[in-house]
Amino acid sequence: DNIIPVITIDGPTASGKGTVASRVAERLGFHLLDSGALYRLTALSALRAGANLADETAVAQVGHYLDCSFVGDQVFLGKEEVTEAIRAEEVGNSASRIAALPAVRQALFDLQLRFRTAPGLVADGRDMGTVIFPGAQLKVFLTASVAARAERRYKQLIGKGFSANMDGLLADLQARDARDMNRAVAPLAPAADAHLLDTSNMTADEAVEQVLGWYAEK
Ligand code: CDP
Ligand code: CDP
């Protein structure tokens, strides 16, 4: 299994992980794991079931029995398409809260490993290079300034027809950063052997070329 190549792309919210990971996967013909979507799906499913998001055991059960599938760019919870629904800020914030619960992370562990199939995988998230795929062939840690990330998220939300306000987004983003970096399990941090890439002043395509360049050097 460990001979199937994996490229991990970790970083804070709105650093461009998802965009860069999916373009790199497309260019290499690799599979894609959007691990954040698994936390978002678990959060959405738990919210809908009326579970208390602080109830670690209950939410971990939801994660363990998560019935999700990825078809092209579409995401399904059971038979329902939830591609847009899981992108709502409320779901993202709930995802970040439940992601701090060790039993929830454990419940999603094996599911993530199963995405490593031939010819290769690009995995994006917070702990892809540190916890889930520590033996990855290439590890990248994307960063960008808080201002650049808030601006990106703003444009993305407006473009999808959600309402957004910049002050609220900045506050949410900083709260999310703090929660992701300070939690006890799998905190957001670059792996010791990760390549750091600050994309504050880069386009997504420039970041993609850099990642492909590093991969070609391997
Ligand atoms: O798009 P954004 O970066 O805001 O979030 P995401 O990647 O979709 O992930 C949603 C939440 O899930 C994040 O705030 C993280 O707290 C959590 N997450 C995690 O803990 N570990 C991962 N590997 C991926 C996401
Ligand atoms: O997955 P993550 O939350 O890290 O970010 P994303 O969902 O990929 O969103 C990043 C947004 O910023 C997308 O709309 C990209 O087109 C844009 N962007 C980028 O990803 N990378 C840059 N270097 C510049 C802009």
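Residues numbered from 1 in each chain as written. Chains lettered and ligands numbered in written order. Predicted model: local features only at pLDDT ≥ 70, side-chain atom pairs only at ≥ 80, totals over all residues. Heavy atoms only, no water.

**A look at the side chain of Ser15**
Consideration 1: Considering the arrangement of structural elements, one finds Ser15 in the loop between strand S1 (6-10) and helix H1 (17-28).
Consideration 2: A relative accessible area of 1% means that Ser15 is categorised as buried.
Consideration 3: A polar atom in the side chain of Ser15 sits 2.8 Å from the backbone oxygen of Pro12.
Consideration 4: Excluding anything up to four places from it in sequence, Ser15 contacts Leu142, Thr143, Arg149, Arg152 and Thr199. (Helix = DSSP H or I, 4+ residues; strand = E, 2+ residues; numbered from the N terminus. Buried < 20%, exposed > 50% of the residue type's maximum accessible area, 1.4 Å probe, protein only. Polar contact = N/O pair within 3.5 Å; in protein donor to acceptor, adjacent residues only side chain to side chain. Contact = heavy atoms within 4.5 Å.)

**Here we look at the packing of H1 against helix H10 (residues 204-217)**
Consideration 1: Contact geometry for H1 and H10: axes closest at 9 Å, N-to-C directions at 50°. Taken together, the axes of H1 and H10 lie oblique to each other. In this structure, H1 crosses over H10, and the sense of that crossing is right-handed. Residues Thr19, Val20, Arg23, Val24, Arg27 and Leu28 of H1 form the contact with H10, whose participating residues are Ala204, Asp205, Ala207, Val208, Glu209, Val211, Leu212 and Tyr215.
Consideration 2: Residue classes in the contact of H1 with H10 are distributed as nine nonpolar, one polar and four charged. (Axes fitted to C-alpha atoms, helices over the stretch in contact; angles between N-to-C directions. Parallel < 35°, antiparallel > 145°, perpendicular 65-115°, else oblique. Left-handed = near helix turned anticlockwise from the far one by under 90°. Nonpolar A, V, L, I, M, F, W, Y, C, P; charged D, E, K, R; others polar.)

**Comments concerning the site of ligand 2**
Consideration 1: Close to ligand 2 lie 15 residues; Ala14, Lys17, Gly18, Thr19 and Met202 are nearest.
Consideration 2: At a separation of 2.8 Å, an oxygen atom of ligand 2 approaches a polar backbone atom of Gly18.
Consideration 3: For ligand 2, whose unbound accessible area comes to 540 Å², protein coverage reaches 79%.
Consideration 4: At the level of elements, H1 and helix H8 (146-159) are the ones that each hand at least two residues to the shell around ligand 2.
Consideration 5: Tallied by class, the residues present in the shell around ligand 2 amount to four nonpolar, eight polar and three charged. (Near = heavy atom within 4 Å. Areas by Shrake-Rupley, 256 points an atom, 1.4 Å probe, with all protein chains shown as cover.)

**As for the pattern of salt bridges**
Consideration 1: Applying the stated criterion across every chain yields a total of ten salt bridges.
Consideration 2: With a closest N to O distance of 3.0 Å, Arg87 and Asp34 form a salt bridge. Residue Arg87 is located in the loop between strand S5 (80-81) and helix H4 (89-98), and its partner Asp34 is located in strand S2 (residues 31-34); the two are separated by 53 residues in the primary sequence.
Consideration 3: Given the relative accessible area of 22%, Asp34 is considered partly exposed.
Consideration 4: Across the pair Arg105 and Asp127 runs a salt bridge, and its minimum N-O distance is 2.9 Å. Note that Arg105 is positioned in helix H5 (residues 102-107) and Asp127 in the loop between strand S6 (121-125) and helix H7 (128-132), a separation of 22 residues in sequence.
Consideration 5: Judged by relative accessible area, which is 8%, Arg105 ranks as buried.
Consideration 6: Overall, Asp127 belongs to the buried group, its relative accessible area being 2%. (Salt bridge = Lys/Arg side-chain N within 4 Å of Asp/Glu carboxyl O.)

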